[in-house]
Each structure stands twice: as C-alpha cells, then as structure tokens.
Amino acid sequence: MMKAVLCLIFTLCRYQSFAQNIVCYYDGRAGTYATPVLPEALQSANCTHYTYIGIGLTSKGDLRELNPNFDLKTGLPSFLQLRSPTSKLLVLLGGIYESSATFSTAVAASLDSLINNVALFLTRHNLDGVDVDWRYPGSRGGKPNDKANFQKFLIRLRARLNMMNKLLAISVSPNPAPSGVAYDATTLSLYADMINVYAFNFTEGTETVTTNLAPMYSNSANPISVNSSISSWLSTKVRKNKLNLVVATYARSYTLANAASKSGLGAPTRGQGLAGTNSKQPGYLSQDEFCAIKSGYGNTSDATTQTTFFARDSSWVSSETADSLVQKYSYVIDSGLAGVGIYTLDWDDTSDGCGAGQFPAVQLARDYLLSSY
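This report concerns the structure included in the present document. Everything numeric here is computed off the predicted structure, so don't read it as measured data.

### Some words on the packing of aromatic side chains
For any pair of aromatic rings, geometry is given as the distance between the ring centres together with the angle between the planes.
For step 1, the next point in the chain: Per the stated rule, a full pass over the model turns up 20 aromatic pairs.
For step 2, the next point in the chain: A centroid spacing of 5.2 Å and a plane angle of 75° characterise the contact between Phe290 and Phe310, whose relative ring orientation is edge-to-face. Here Phe310 lies in strand S13 (residues 307-312) and Phe290 lies in helix H9 (residues 287-291), a separation of 20 residues in the sequence.
For step 3, the next point in the chain: Relative accessible area serves as the criterion here: at 5%, Phe310 is assigned to the buried category.
For step 4, the next point in the chain: Aromatic ring contacts, followed pair by pair, group Tyr25, Tyr198, Phe200, Tyr250, Tyr284, Tyr343 and Trp347 into a single cluster.

Put into structure tokens, the structure is as follows:
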C-alpha cells in the first residue's frame, strides 16, 4: 500500500513539474493591418491560454475598446474561435496603450464600478478570465498610494471572480526598480492565478543607443536582463510556480547615427529604425517582416548575454533567435517557473515565412515545456 502511495505522489509531482503554461497574446491592432492577422488564424499555435489585447478603461471604471471598429465587432467574436478543451481565453485590461494615471484614478475612486464592469464583460463575452496589466502602479503618472489601492483591487476582484469561476492573471514590470513600490508579492502570490513578467524591452524605448531586446544575462551594456529580473522577483518570495516568463516575438530596429564608425551594441542611433511593411510601426518588425529582408544582414552573437543582433548599412535589428529562445525556455524549467508567455502571436511568424513552421516561438515552447506530458 505504501509503495502505491509513494508511486502516486511521485507521478503527481512529476506531472505538476511539467504542467507548464504557454500564454499567447493577440493584439487587436493586428486586425487593422493592411493585411489583417485575425484571431482565428492563430488556432494552430495550440497555446494553453490566449489573451486578447484591446480593452482599456476610463477614470470612472468603465471599460472601452482600444480599436472601436474592430475589437467588439470582429476581434473578440473571432477570438472566441480559439477556444478548445485544452485552452483558456482571457482578455487583457490595460496594457501598453493605457495610462497609469487612468488606472490610478479608477481604482482609487471607482473600484466597485470597475470590478462590476470587468465581471459583466467576462460574462457577456464568455471569457475565462482577465489579465490585469497596469503599467505601472506608482509610476508613469500614477500616485504614491497606488500600491495599496492595487492590493485592494486584486483582493476584491479575486473575490468576485471566485464567484464566477474565472481566472485572474496579473502582468508585471520586468524592471526591479518599480517592483518594490508597485507590487506586494504576498498579495500577488495569494490572489493571482498567474503572474506574467514582461522580460523584454527593458528600456521601454527610451534608449539613444542600440540595445538588446531581451538579454538573457547582464553585462556592462545590459545591466538589466531576463535573469536579473526574474532573480529580483524571486527575491521578493513571490510564488515561483505562478510566474510566467514572457518573451517577445517582434524585432526592435534602430537607425545608426554613423554606421561607418560604430555599428555594434551600444552604438549611437538617430532613432527608430525600419517599420514593417504590414504593421507599419517604426522601430518594430514582426518575424514575417524581418525574415523577408534578413538575408541581407550580417549577424553577431554574444555568448555572455545569449543574444544576436543584425546589421546592414545604417539599419540595426535586435531579435530573438531559436537559440536564445531555447535558453529562456530551459531557464524556465530549471527555475521551476509556471511557464512562458508569447508576446504576441501576431508578431510571430504566422505564415512560415522564415521556414521553421508557423508560430516557431510557440512550437519551441511546446517542445521544451510540454514534451514530458
């Protein structure tokens, strides 16, 4: 009997060790591109969770569409087609397109209204949960009491979602600096089902020199890295089995100030680089867009930071590669984290233009994280 119990415990522990999340984000802006990327085209990615980016809020606690001609008319109805017996569908509240000041006012003055509107939205659109992405409490236009108010918001929202059997995810800053004034690790650990750490673009576009998108490890040019960010979070005693390491699928592009004199990491720039032919956002390229021009670029890899950058004339690009993603996915397993996030599916290779299959960032994650199922 004892032998059978021990065998069962071992089996359960082994299953839990490999029960990893693959959280895939979809940005509703992609539905308005010249050649739209619609949610139903993402079905083959086969993620454990899909999160729709496209819903903001007002200072009075009402919810609003970020893309009024797409989100509720086409985006979310199409997004619901991603539902499967093995996946959950969430909506992101806030994100990069919403100000911290709006969150700050809504949570402080209209908390009941905000919670009620979130609950109604999830019910009305048949969603499995919400990902709260406040960037970031106490900063970027926020107020000193944001941390306490954010705690209250999460506790109250958790109680409401429990009554509805809905999930609560929280997306947090990768930078060690805001974490002490923005978040309470105990509250996050107790009330969130998932904690998504954005481990990329650490400078948030403020740099004036070429900068790696997501260095795995730090050096003098990259003091903040994936490892330093996750280590900082783990030092707060947050529950690591709720942490998802979120990687970026897009490439960052810069225009070098003087390619003839300096074109490596830390080279001066004249600002954002190439915009994609479809997404048309200066300084950012989807994997589809980058692969279409990549053959003309030389590449340089750095063993210390586990990164690769690409350069041609005055154009400089930082992007994840298969090797750098494998390093991050292996780190997730070795660190005992809950899983990974893919930000975003529409920036990944959606058409196999790179020759490694559709959604290679997701497929690599499945190979490494779910291979022991």
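### Things to note about the state of the cysteines
For step 1, the next point in the chain: Throughout the structure, instances matching the rule amount to 2 disulfides.
For step 2, the next point in the chain: Between Cys24 and Cys47 runs a disulfide, and the two sulfur atoms are separated by 2.0 Å. Linking Cys24 and Cys47, the disulfide has an S-S dihedral of approximately -85° and is accordingly described as left-handed. Here the residue Cys24 occupies a position in strand S1 (residues 21-27), and Cys47 occupies one in the loop between S1 and strand S2 (49-57), the gap between them amounting to 23 residues. Both residues of the pair, Cys24 and Cys47, belong to the buried class.
For step 3, the next point in the chain: The disulfide partner of Cys291 is Cys354, and the S-S distance across this bridge is 1.9 Å. Measuring handedness by torsion sign, the sulfur bridge of Cys291 and Cys354 sits at about 105° and is right-handed. Remark: Cys354 occurs in the loop between strand S15 (339-343) and helix H11 (360-369) and Cys291 occurs in helix H9; sequence separation between them is 63 residues.
For step 4, the next point in the chain: Ordering the disulfide-forming cysteines of the protein chain by sequence position, one finds them joined as 1-2, 3-4.

### Overview of helix H10 (residues 322-335)
For step 1, the next point in the chain: Taking 1.5 Å per residue, 14 residues should reach 20 Å; H10 reaches 20 Å between its end C-alpha atoms and fits that length.
For step 2, the next point in the chain: Turning to H10, its buried residues number three or more, namely Ser324, Leu325, Val326, Lys328, Tyr329, Tyr331, Val332 and Ser335.
For step 3, the next point in the chain: Close packing links the buried residues of H10 with helix H8 (226-235), strand S8 (243-248), S15 and H11.

### Points about the nonpolar core
For step 1, the next point in the chain: Counting residues in each nonpolar core, the largest one holds 92 residues, and the members touching the most others are Val130, Phe153, Tyr329, Ile342 and Leu345.
For step 2, the next point in the chain: Broken down by element, the residue count for this core peaks at 6 residues, all from helix H4 (residues 111-124).
For step 3, the next point in the chain: Setting aside chain neighbours within four positions, we find Phe153 in contact with Val107, Leu111, Leu114, Ile115 and Val132.
For step 4, the next point in the chain: Leu285, Phe290, Tyr297 and Phe310 belong to the second largest nonpolar core, which has 6 residues in total.

The rules behind these values
Residues numbered from 1 in each chain as written. Predicted model: local features only at pLDDT ≥ 70, side-chain atom pairs only at ≥ 80, totals over all residues. Heavy atoms only, no water. Phe/Tyr/Trp six-rings, centres within 6.5 Å; stacked < 30°, edge-to-face > 60°. Helix = DSSP H or I, 4+ residues; strand = E, 2+ residues; numbered from the N terminus. Buried < 20%, exposed > 50% of the residue type's maximum accessible area, 1.4 Å probe, protein only. Disulfide = S-S within 2.5 Å. Expected span 1.5 Å × (residues − 1). Contact = heavy atoms within 4.5 Å. Core = buried A, V, L, I, M, F, W, Y, C linked by side-chain atoms within 4.5 Å.

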